[in-house]
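Residue-level structural notes
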Amino acid sequence: MSKKIFSAQDWENVPSEIQQAHTPSIAPIYNKVEDDVESVVREIEQCAIDIAPHYKDWVELGFALVDGLGENGREYYHRISRFYPTYQKEETDKQYTHCLHSKGQGITIRSFFHLANQAGISLAPFFKEHLSILPNIQNGKTGKWIKSEEELPTFPECVFEHLPPFLNEVVNNSISVDDRDTILIGAIVCLSVCFHNVCGVYDERIVYPNLYLFVVADAGMGKGALTLCRELVAPINRHLHELSKRLEQEYKEAMNTYIKGKKTDGMAMPTEPPMRMLVIPANSSASSFLKILGDNDGIGLLFESEGDTLSQTLKSDYGNYSDVLRKAFHHELVSLSRRKDREYCEVANPRVSVALAGTPEQVRRLIPDAENGLMSRFCFYIIRFKRGIRNVFATSDISQSKNAMFKLLGDKFCHLHENFVRQGNYSFSLPSDLQEHFIEYLSRVNEECCDEVDNKMQGVVRRMGLIAYRIMMVLTVVRHLDNVIHKSSSDETVQLVCHEFDYSVAMSICDTLLYHAVFIYQNLSGNQSKRFNTVSQETGVYARRNTLYNMLPDTFTKKDYDAAVLTLGENGSTANKWIEAFIKDGKLSRIEQGKYRKIF
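Parameters and conventions
- Residues numbered from 1 in each chain as written.
- Predicted model: local features only at pLDDT ≥ 70, side-chain atom pairs only at ≥ 80, totals over all residues.
- Heavy atoms only, no water.
- Helix = DSSP H or I, 4+ residues; strand = E, 2+ residues; numbered from the N terminus.
- Buried < 20%, exposed > 50% of the residue type's maximum accessible area, 1.4 Å probe, protein only.
- Contact = heavy atoms within 4.5 Å.
- Areas by Shrake-Rupley, 256 points an atom, 1.4 Å probe, with all protein chains shown as cover.
- Pairing = 2+ DSSP bridges.
- Axes fitted to C-alpha atoms, helices over the stretch in contact; angles between N-to-C directions.
- Disulfide = S-S within 2.5 Å.
- Core = buried A, V, L, I, M, F, W, Y, C linked by side-chain atoms within 4.5 Å.
- Salt bridge = Lys/Arg side-chain N within 4 Å of Asp/Glu carboxyl O.
- 1 Å grid on protein atoms, 1.4 Å probe; cavity = no way out; pocket = protein on both sides within 12 Å on 5 of 7 lines; lining within 4 Å.
- Points joined across faces, edges and corners; volume = space filled by probe spheres on them.
- Nonpolar A, V, L, I, M, F, W, Y, C, P; charged D, E, K, R; others polar.
- Phe/Tyr/Trp six-rings, centres within 6.5 Å; stacked < 30°, edge-to-face > 60°.
- Parallel < 35°, antiparallel > 145°, perpendicular 65-115°, else oblique.
- Left-handed = near helix turned anticlockwise from the far one by under 90°.

Secondary structure assignment for the chain yields 23 helices and 14 strands. A buried classification covers 50% of the 600 residues belonging to the chain. Excluding contacts between residues fewer than 6 apart, the proportion of contacts in the chain whose partners are at least 24 apart in sequence is 77%. Surface summary for the chain: the accessible area is close to 29,100 Å², and the carbon and sulfur share equals 50%.

What follows is the structure, encoded as structure tokens:
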């Protein structure tokens, strides 16, 4: 694979106008880092191993050495890179200069040691202890994944250099970086629902390409670009509607004939036809949603440009299908039973995609806290606030409007999709070397996120792995669309193997999406804490617990505690639970069985 020059701006996470904070002196650690790097590089040279065989690893290696050694890392970059089969000194030198002049993407020197270790270089135990406290010299932070809203990265430029041809046409209609990112991820999600005849095996389960997306931005900041992506699947949706109308008309005619002749001919009552559609209205009731899914073999795209529409539906008595969405993400059987009218709906293999756009407040209405299962199932992309007015008169030609351009792209995709579906079923897989890289990357990211945020981030990282796999599926299929051989339908399953380009693009996209997910997770976690405190204060529990705590001596026994509880007239069993709550909150420590000490 060619290691072309990487644009440093693509990895920047801080706008150029924001000044970097002053970094305190780190000379002692800096010198120790260089000694450690020298020792590891010597091991690499002795083994003659290329520790960064993939382009993305090579770029990361450059940023890691810049973080730890600055300009002094250039020589090491050459010494390590020369084991790549097509190493070029000039190209490597330019790449390092790009990394040096960049603010990076939170990559630290730890990445260098990780790349060496996964390539088979043994690290001494003192390295591992030392690495856990190494600072990020570029931004003065030890955290890689925790960013402010202004620091959240956009998709790196390398994503757009190797897109499948059709997606290239789609993103070429963008007018800004955020617009391009929104259109790309929106297109991937909308197209994912159309590839219901493609499956792969992930974590020993059959999965389909379906994805959930929430584009988050303040009013008027450009999230409306997502609505253009709906045009890509509009022709397919329109054809299904037309088919549904024809079937409905035939049904009505058959019913008229049946009503007129049932007394004499003994005719069987006609069966009501399915309601065929691809795009499902977000304001459908739960039973209506499942009915539509059932009529369409479990396939549907929930598309809504106003997140409130779905969040209000989820709150209503007859529209609470949050549970349905959580199960549908993993293609689990979903069902609904209501006593009234003896109603029962069931969909065995749901393949649902979701595309929403809304404000930060609308995210909170849909997903109240970080423990809500929908949080880890969604891809979040946050459009950062930018002051200014763009030229709204860039074109006055209707044929050159975004609506017209995406309508043409929708017609083109409809034609490509028709040929693709006609070929039958497809099976997707990753080559073994990419599987290994995927597991190594995900394991490292999981450790980093759990260390920097909290252990509950593991659920988010694990599902981000599944999301990355599904994005690879979509990219692979879209690249295959132009190569479909026109032939009649076959019972044979066509094998689709992920190309390294599509793997790298998907991983780079998910790398960025994970930064945005961490940001949302932290905001929702804070929201959860506020909600808990509010509820506690409203019910008086918070105040009652504080009163009891203040009554207790600095050191006390369970007998003393029970006496205080009795004095206050509190319920004994409830107050016993408060002891564990005090310990969990860091207010008490248990000295021994039945004996406690206050912590101030």
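Moving on from the coordinates now.
Let us look at the sheet that holds strand β4 (residues 279–280). If you walk across this open sheet you meet the five strands as β4-β5-β8-β3-β9, and the pairing is parallel. Either end of the sheet is taken by a strand with one partner, and the two such strands are β4 and β9 (378–382). Pairing of strand β3 (residues 212–216) with strand β8 (residues 351–358) involves five bridges; the strand directions are parallel. Each bridged residue has a counterpart across the sheet, and for Val215 the counterpart in β8 is Ala357.

The next thing to look at is the sheet that holds strand β13 (residues 588–592). Ordered in space as β12-β14-β13, the three strands form an open sheet in which the pairing is antiparallel. In the strand order of this sheet, the two ends are held by β12 (555–557) and β13, each with one partner. Put simply, the sheet's adjacent strands are angled 30° from each other on average, direction ignored. With four bridges connecting them, β13 and strand β14 (residues 595–598) associate as antiparallel partners. Its bridge partner being in β14, Arg590 is matched across the sheet by Tyr596.

Let's shift gears to the state of the cysteines. For the structure on display, the rule yields zero disulfides. Cys450 forms no disulfide, and the closest cysteine sulfur to it belongs to Cys449, at a distance of 7.1 Å.

Moving on, we get to the nonpolar core. Counting residues in hydrophobic clusters, the biggest one holds 129 residues, and the most contacted among them are Leu184, Phe195, Ile471, Met472, Ile509 and Leu514. Non-local contacts of Met472, meaning those with residues more than four positions away in its chain, are made with Phe428, Leu430, Phe438, Cys498, Asp502, Tyr503, Ala506 and Met507. The next biggest cluster of nonpolar side chains, apart from the first, holds 31 residues, and it includes Leu61, Val66, Tyr76 and Leu115.

It is worth spelling out the pattern of salt bridges at this point. Evaluated as defined, the whole model comprises 21 salt bridges. Note that Asp411 is salt-bridged to Lys407, the shortest N-O span being 3.7 Å. With a gap of four residues between them, Asp411 and Lys407 both fall in helix α17 (residues 402–422), about one helical turn apart. The class of Asp411 is partly exposed, set by a relative accessible area of 33%. Lys407 gets classed as partly exposed once you look at its relative accessible area, which sits at 45%. Because the salt bridges share partners, they merge into one network encompassing Glu38, Arg42, Glu45, Glu75, Arg79 and Arg82.

Moving on to empty space enclosed by the protein. Under the defined criterion, the tally for this structure stands at eight cavities of 30 Å³ or more. Taken as a whole, the largest cavity spans an internal volume of roughly 60 Å³. Taken together, Tyr441, Leu442, Val445, Val461, Met464, Ala468, Met507, Cys510, Asp511 and Leu514 form the lining of the largest cavity. Residue assignment for the lining of the largest cavity shows that the elements contributing at least two residues are α18 (432–452), α19 (457–481) and α20 (500–539). Sort the elements by how many residues they give to the lining of the largest cavity and α20 lands first, with four residues. Along the lines of polarity and charge, the residues of the lining of the largest cavity split into nine nonpolar, no polar and one charged.

Turning to the packing of aromatic side chains, a few remarks are in order. Scanning the entire structure with this criterion turns up 20 aromatic pairs. On the basis of an interplanar angle of 75° and a centroid distance of 6.1 Å, the ring pair of Phe195 and Phe413 is categorised as edge-to-face. With a gap of 218 residues between them, Phe195 in the loop between α9 (177–192) and β1 (198–202) and Phe413 in helix α17 connect regions that are remote in the sequence. Aromatic pair Phe556 and Tyr561: ring centres 6.2 Å apart, planes at 20°, arrangement stacked. With a relative accessible area of 1%, Phe556 lands in the buried category. On the basis of relative accessible area, Tyr561 is assigned to the buried category, the value being 0%. Clustering of aromatic rings is evident, with ring pairs tying together Phe166, Phe195, Phe413, Phe420 and Tyr426.

Across the interface, helix α2 (residues 55–69) lies against helix α3 (residues 73–81) with an axial gap of 9 Å and an inter-helix angle of 150°. Here α3 runs roughly antiparallel to α2, going by the angle between their axes. Taken as a pair, α2 and α3 cross one another with a handedness that is right-handed. Note on element contacts: α3 touches α2 through Gly73, Tyr76, Tyr77, Ile80 and Ser81, opposite Trp58, Leu61, Gly62, Leu65 and Leu69. Looking at the contact of α2 with α3 residue by residue, the classes come out as seven nonpolar, three polar and no charged.

Purely geometric numbers; function is a separate question.
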